[in-house]
Protein chains: 2
Amino acid sequence: MSKIRIGIMGYGNLGRGVELACKKNPDMELVGIFTRRNPSDIKPQTCGLGVYSAKDAPDFRDKIDVMILCGGSATDLINQGPEFAQYFNTVDSFDTHAKIPEYFDKMDKVCKSANTTSIISVGWDPGMFSLLRVYSESVLPDGNTTTFWGPGVSQGHSDAIRRIDGVLNAKQYTIPIVAAIDAVRNGKGEGLTTRQKHLRDCYVVLRDGADKDKIEHEIKTMPNYFSDYDTTVHFISIEEFNKDHTGMAHGGFVVRSGNTSDSAHHTVEYSLKLDSNPEFTGSVLLTYARAAYRLKNSGAYSVLDVPPSMLSVKSPEELRKTLL
Amino acid sequence: MSKIRIGIMGYGNLGRGVELACKKNPDMELVGIFTRRNPSDIKPQTCGLGVYSAKDAPDFRDKIDVMILCGGSATDLINQGPEFAQYFNTVDSFDTHAKIPEYFDKMDKVCKSANTTSIISVGWDPGMFSLLRVYSESVLPDGNTTTFWGPGVSQGHSDAIRRIDGVLNAKQYTIPIVAAIDAVRNGKGEGLTTRQKHLRDCYVVLRDGADKDKIEHEIKTMPNYFSDYDTTVHFISIEEFNKDHTGMAHGGFVVRSGNTSDSAHHTVEYSLKLDSNPEFTGSVLLTYARAAYRLKNSGAYSVLDVPPSMLSVKSPEELRKTLL
């Protein structure tokens, strides 16, 4: 059996996660890493792996079956997606929720004209959690779905704190609130506010001479990021930060609670506990690369459009025999 | 929008569950119930609903989009599946694991020649749990999956006790063992024996003059059903049985624990807590009827072959906008 030839575009935490995932999937062959940085500055974890300039990627169109786009949504994917879909089947983790419909349409147009296949918004949310929301709502139409994130590190919220003047480093933990979880599990989750569902816990290292009170106030009142939540700010030393707050653990869960009749209530719950958000996300991206390679029709897809059997290294017959 | 016209073949607990589910899905229209009993003996929960003899079902081939087969696997579905797939798109809950590949092949042949679509082995296990096993193994290939059932009523084990001479009624509860659950969640579940994972708890009503000790021994040593488990037998009165042991609650969970690298361990868990096993299973069957109606190619399918978006009453655009 010939292997599925994989390219990685962008070599940050996520790109490294995809690289590690390739070692766990014997039907995959990692062809190379593509970067906008100077290729000689990149040291892959895989011995002997080629690193190439992003601008040379089109030369690899016959050597790579699926290019996995590992940039961020806001500034990278929005342009890289349509650009790379001209040459490659792609998988990406586009997660700017409000722009998903527009991004999907754009990718679909490019893919259909280039005869390529792209699966967008892959990971755990959007991704695995989206799947569970759709399955659960479909099988229990009379009910409510709630998604809890954490306990875990929010990269976006950590970045927002780091952009404040006087902050040297920062980590933000999103923590689901136990009382809300219990209410949701018991079918009493409707109407819970944002503040009732999650806490935000921040660990901040200040620069010399920074104004502690001003920064705490600025964090807690930051619109979109913190103002709708109960937020705790801890100021710590750089030593403590480096010792205790460099992890990338995350997770969360989707709960649907619903009724099939007046007397029968049901709860469906899906949870993830992840030691490393980028490694798990990278592994999910690689799994969907298998589907992008197998899907017969060109165009854009999301995880919702992909039959589960297309994700497995096992054949449909073997799946029916062993996992059904 | 024209509704999807549903028929129910077989009116036991599961058939009643599908009937209830029709009330929760506004895009579905229940056309009638089909039975091998005398139709006039059946009292549907739905006012004015037609009840027909199973042998007249072929006359309805142009009036029903999907026939949901609600019989048992062993004696009903094995014959009814291929018979009804000649005339209808079908959905069933075939769960005799060892015979799934053979049943699938037979259904696929009939469907392709009759130009119909059948989705087999639908419910929660096989069904939702199968989906989770495939998703979890695919995204975490280096790991272990364990399925726990219960706490809940096993119909098959309850039936097995009732077949013992001297037993008037019986209910068997399958109970997952907490120590095993903890081990699995911590990635230490490999090699757990059958006995270490589940207990079997039996509530038995004796006939007058039955030999208690002999029956207890017979239950605990019954091969396939009880001999591999730690089994507890409680003898109770018919009054206590009718008061406390008529429920059909069930549930369980699928846990996959795996690594993406030496330093990153992840746990994926999917759980169901169901007040009524047949009502939830009926609701899942009806959801897959929507997919059976929408699938373009004739043939047999399992839940593993169906894209999640086909299950939802929402359009793909709406799903991307609201649930992705």
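Preceding this paragraph is the structure being described.
What counts and what doesn't
- Residues numbered from 1 in each chain as written.
- Chains lettered and ligands numbered in written order.
- Predicted model: local features only at pLDDT ≥ 70, side-chain atom pairs only at ≥ 80, totals over all residues.
- Heavy atoms only, no water.
- Disulfide = S-S within 2.5 Å.
- Buried < 20%, exposed > 50% of the residue type's maximum accessible area, 1.4 Å probe, protein only.
- Least-squares fit on C-alpha atoms with pLDDT ≥ 70 in both.
- Contact = heavy atoms within 4.5 Å.
- Phe/Tyr/Trp six-rings, centres within 6.5 Å; stacked < 30°, edge-to-face > 60°.
- Lys NZ or Arg CZ within 6 Å of the ring centre and 35° of its normal.
- Helix = DSSP H or I, 4+ residues; strand = E, 2+ residues; numbered from the N terminus.
- Expected span 1.5 Å × (residues − 1).

Student: Go over the state of the cysteines with me, naming the residues and quoting the values.
Tutor: Residues and elements named next belong to chain B. Taken as a whole and judged by the stated rule, the model has zero disulfides over all chains. Between Cys22, a cysteine without a disulfide, and Cys70, which holds the nearest cysteine sulfur, the sulfur-to-sulfur distance is 9.5 Å. The structure places no disulfide on Cys111, whose sulfur is separated from the nearest cysteine sulfur, that of Cys70, by 17 Å. Judged by its relative accessible area of 0%, Cys111 is buried.

Student: Could you give me a rundown of the relation of the copies chain B and chain A, with the residues and numbers involved?
Tutor: Superposition of chain B onto chain A requires a rotation of 180 degrees combined with a translation of 0.0 Å along the rotation axis, giving an RMSD of 0.1 Å. Put plainly, the chains are arranged around a two-fold axis. By residue overlap, the copies meet face to face through one surface: 100% of the interface positions of chain B are interface positions in chain A.

Student: Mind laying out the packing of aromatic side chains, listing which residues take part and the relevant values?
Tutor: All told, the structure shown has 21 aromatic pairs over all chains when counted by the stated rule. Between Phe94(A) and Tyr103(A) the ring centres are 4.0 Å apart and the planes differ by 10 degrees, which places this aromatic pair in the stacked class. When its relative accessible area of 0% is taken as the criterion, Phe94(A) is described as buried. Centre to centre, the rings of Trp124(A) and Phe129(A) are 5.3 Å apart; their planes meet at 80 degrees, and the pair counts as edge-to-face. Like Trp124(A), the residue Phe129(A) is buried in the burial classification. Taken together, Phe34(A), Tyr52(A) and Phe60(A) form an aromatic cluster joined through their ring pairs. The ring of Tyr11(B) has Arg16(B) sitting right over it, with the charged end atom 5.4 Å from the ring centre. Positioned above the aromatic ring of Tyr229(B) is the side chain of Arg200(B), whose terminal nitrogen or guanidinium carbon lies 4.1 Å from the ring centre.

Student: Help me get a handle on helix H1 (residues 13-24) of chain A, residues and values and all.
Tutor: For H1(A), with 12 residues, the first-to-last C-alpha span of 17 Å sits near the 16 Å given by 1.5 Å per residue. All of the buried residues in H1(A) are Leu14(A), Gly15(A), Gly17(A), Val18(A), Glu19(A), Leu20(A), Ala21(A) and Cys22(A). Each element contacted by the buried residues of H1(A) is listed here: strand S1 (4-9), strand S2 (28-35), strand S4 (66-69) and helix H10 (277-294) of chain A together with strand S12 (250-261) of chain B.

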